[in-house]
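Observations on the three-dimensional arrangement
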Amino acid sequence: MKITHNISVGCLMRPFMLFVIGTIATCFIGTACVDAAGPPRMKRADAFLGIHFDFHAGEDCNRVGERTTPEMVELVINKVKPDYIQIDCKGHRGYSSYPTKVGNPAPGFVGDPLRIWRDVTRKRGIPLFMHYSGVWDYKAVADHPDWAAINGNGKPNDKATSVFGPYADTLMIPQLRELAGEYGVDGVWVDGDCWGTTVDYGAAAVSKFCEQTGAETAPRKAGEPYWSEWMDFHREGFRSYVRHYVDELKASHPDFQVISNWAFSDHMPEPVSADVAGLSGDFSPDDSVNSARFAGRCLEDQGVPWDLMSWSFSRKTRKQKPAVQLMQEAALVLALGGGYQAYFKQDRDGALRDPVEMDVMAEVARFCRERQEYCHRSVAVPQIALLYSTAGHYRESPRLFHWAGSNGVRVLRKALTEILRSQYGVQILSEHHLKGNMSEWPVIVVPGWEYLEPDFRDELASYAKSDGRLMLIGQGPAKLFEAELGAKVSFSIVLVDKVDDAFPTVLKKILPEPIVEVTGAKDVDVSPRTLNGNLSIHLVNTSGPHANAPDGGITEVKPVGPLTISIDLDQAPKSITMQPEGKSLDVTWANGRATVTLPRLDLYSILMVIP
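Now for a description of the structure that goes with this document. (Residues numbered from 1 in each chain as written. Predicted model: local features only at pLDDT ≥ 70, side-chain atom pairs only at ≥ 80, totals over all residues. Heavy atoms only, no water.)

Before going further, it helps to spend a moment on the overall build of the protein chain. Along the protein chain, the regular secondary structure elements total 17 helices and 25 strands. By principal-axis analysis of the C-alpha atoms, the protein chain measures approximately 75 × 70 × 50 Å. A burial count over the protein chain gives 58% of its 611 residues as buried. Contacts spanning at least 24 positions in sequence make up 75% of the contacts within the protein chain whose residues lie at least 6 apart. On the protein chain, roughly 24200 Å² of surface is accessible, and the fraction owed to carbon and sulfur atoms is 51%. For the protein chain, the distance from the average position of its 64 positive side-chain charges to the average position of its 76 negative side-chain charges is 3 Å. (Helix = DSSP H or I, 4+ residues; strand = E, 2+ residues; numbered from the N terminus. Buried < 20%, exposed > 50% of the residue type's maximum accessible area, 1.4 Å probe, protein only. Contact = heavy atoms within 4.5 Å. Areas by Shrake-Rupley, 256 points an atom, 1.4 Å probe, with all protein chains shown as cover. Lys, Arg positive; Asp, Glu negative; His and termini not counted. Charge placed at Lys NZ, Arg CZ, Asp CG, Glu CD.)

Let us now look at the nonpolar core. Within the largest apolar cluster, 112 residues are counted, with the highest numbers of intra-cluster contacts made by Phe53, Ile85 and Tyr340. For this core, the element with the highest residue contribution is helix α7 (residues 227-252), accounting for 10 residues. (Core = buried A, V, L, I, M, F, W, Y, C linked by side-chain atoms within 4.5 Å.)

All right, on to the pairing of strand β12 (residues 384-387) then. What you see with β12 is no split at all: Ile384 and Leu386 on one side and Ala385 and Leu387 on the other are buried throughout. Two strands pair when backbone bridges link them, and β12 and strand β14 (residues 443-447) are joined in this way by 3 bridges, in the parallel orientation. Residue pairing across strands places Ile384 opposite Val443, the latter belonging to β14. (Pairing = 2+ DSSP bridges.)

Strand order in this open sheet of 4 strands is β17-β20-β24-β23, and the pairing throughout is antiparallel. Edge positions in the open sheet fall to β17 (516-519) and β23 (588-590), since each of these has one partner strand only. Direction aside, neighbouring strands of the sheet carry axes that sit 20° apart on average. Bridge analysis of strand β20 (residues 563-568) against strand β24 (residues 593-598) gives 6 bridges, and the strand direction is antiparallel. Opposite Ser566, over in β24, you have Thr595 as the bridge partner. (Axes fitted to C-alpha atoms, helices over the stretch in contact; angles between N-to-C directions.)

Taking 1.5 Å per residue, 19 residues should reach 27 Å; helix α10 (residues 357-375) reaches 26 Å between its end C-alpha atoms and fits that length. Along α10, the helix axis deviates most sharply at Arg369, where the bend reaches about 30°. One or two residues past the end of α10 sits Arg377, with phi positive at roughly 75°. (Expected span 1.5 Å × (residues − 1). Bend = angle between axes of the 7 residues up to and from the residue.)

Time to look at the environment of Ser430. Turning to its location among the elements, Ser430 is positioned in the loop between β13 (426-429) and α13 (431-434). Accessibility expressed as a relative area gives 4% for Ser430, which makes it buried. For the pair Ser430 and Leu511, spaced 81 residues apart in sequence, the C-alpha to C-alpha distance is 21 Å.

Let us now look at the side chain of Gln579. Along the chain, Gln579 falls in strand β21 (residues 575-579). In terms of polar contacts, Gln579 uses its side chain to reach the backbone amide nitrogen of Gly582, at 3.2 Å. Once you skip the residues sitting within four places of it in the chain, Gln579 turns out to touch Tyr374, Ser605, Ile606 and Met608. (Polar contact = N/O pair within 3.5 Å; in protein donor to acceptor, adjacent residues only side chain to side chain.)

Counted under the stated rule, the structure contains 22 aromatic pairs. Ring geometry for Phe209 versus Phe233: centroids 5.5 Å apart, planes at 65°, classification edge-to-face. Separated by 24 residues along the polypeptide, Phe209 in helix α6 (residues 203-213) and Phe233 in helix α7 bring together distant segments of the chain. Summarising the burial analysis for this pair, Phe209 and Phe233 share the class buried. Plain terms: the ring middles of Trp311 and Phe313 are 5.3 Å apart, the flat faces sit at 50° to each other, and that makes the pair tilted. Each member of the pair, Trp311 as well as Phe313, is classed as buried. Among the aromatic residues, those joined into a ring-pair cluster are Phe164, Tyr201, Phe209, Tyr226, Trp230 and Phe233. The cationic tip of Arg353 hangs over the ring face of Phe313; the distance from NZ or CZ to the ring centre is 5.3 Å. In this arrangement the basic side chain of Arg413 is found over the ring face of Trp403, its NZ or CZ atom lying 4.7 Å from the centre. (Phe/Tyr/Trp six-rings, centres within 6.5 Å; stacked < 30°, edge-to-face > 60°. Lys NZ or Arg CZ within 6 Å of the ring centre and 35° of its normal.)

Now the structure itself:
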């Protein structure tokens, strides 16, 4: 079913009018109302649940806004009750889906759809964010080849702008200022940014590189002199580009909130170095559970509010995912303390593709809200630190910002799967997390890295000599710690050749008494965490064919159990309650461990331990 003008305005507008009347009645002089048209809006840093729409407008879009109505926007808000909404405004093709005066508008509009989205969300107190393609802008580079990154063959890239060129100052920043000033939107989610950035053989980039390094020319492939420096030069170029547009927007519109998709994440495992409002990414539309497991753990310790986005449909089949499939994906994010959003497509005129999809999202939203007070902003209890080496990854990665093609990441992800199947708490951490803090983790795992910075390598060796337990996977780490492995002095180092069937047995030897032990099912991710000073144990049922879902999607996640859960505590707890079910569990206390039994785990439950 498609939204049309035949929708009963009275049915949809009656609750809205009551809401507006109530809002006006409470918006007295001196209150925190943002403006006379609506209540205050939540900052993105405080948000928990969102919904995202985009359609990457192109040359085919000549009736944009024809079916965008206030009732359509109200339907989204009333069903989903999101903390924020993100909608399309400029996709990778470079055409804007609103009648911009400074950018490249789509060929045709019926009215101004962005005004409608903004007016309704403002009146309802819902923040509105823009989906805006950053580095990737096909239209900009077609019209202005001098803005494009130059490929190794000397030709302009047909997708990527140069982070050293005039694109940001000439188009991007003016357009974001138009959105902030003329439309009053709350912020932007910049897509196609770090992962769209490519090496640039343009004269300006090469000249700057040679000036900085003393190289006579730019290298052409891995293994040539200055290759690592060439790649790092572009990484710093991207960081500078992001800092530039973020700072420029803050200078002109201090309340405008900027997020660069996948910046400082699994694509870019490094400290946050730009004043972004949060971190975010859209994880894989297929094999999404494994993608969320990895991506979430790369974001949770970055010290910045974060969320992850599901695709609500499969890229493989193009079919809508059932609600329970999205719930399972959401659970992996919530169990790590993050916020969650899901992506639904808009039609080529910008209208909702199918309003029935909002019923699916409404179910997912209820599932998330039921758990919000028990999970949002929870913090991991240190158990196993799985090293995602910034230095090692950047040395071997064939791309500027992505994990694909990195052997160290390949080994890391295999290790992550087995650690989770062995039901240990695990964090993915980089050098900037671990330096000076290694003693917090009982075990540190070094998976496959062939290069580590010497001072960091030495700190890991000292950790292994001072009661820390270091696990090395593969010949790369073995060579790095060759001296320690062959030394007569005792180091607590375990070397395994690869992640195989024997890997869980080695884990058990290296961490025999984890803070939480679970028996009764293997397909349960276990995350020991703290929230408001209290211990909480997050249990996610990961059973089912999520790595290769059937064409119709996953319509059922079968419960697992009964589960026996043993928790290492300093003293017997006052209570252990299963949430959001609100069920108080019988506790057995012996030998410093509290034990409870769950008859079944449906999908995602949290054990709240009250000392």
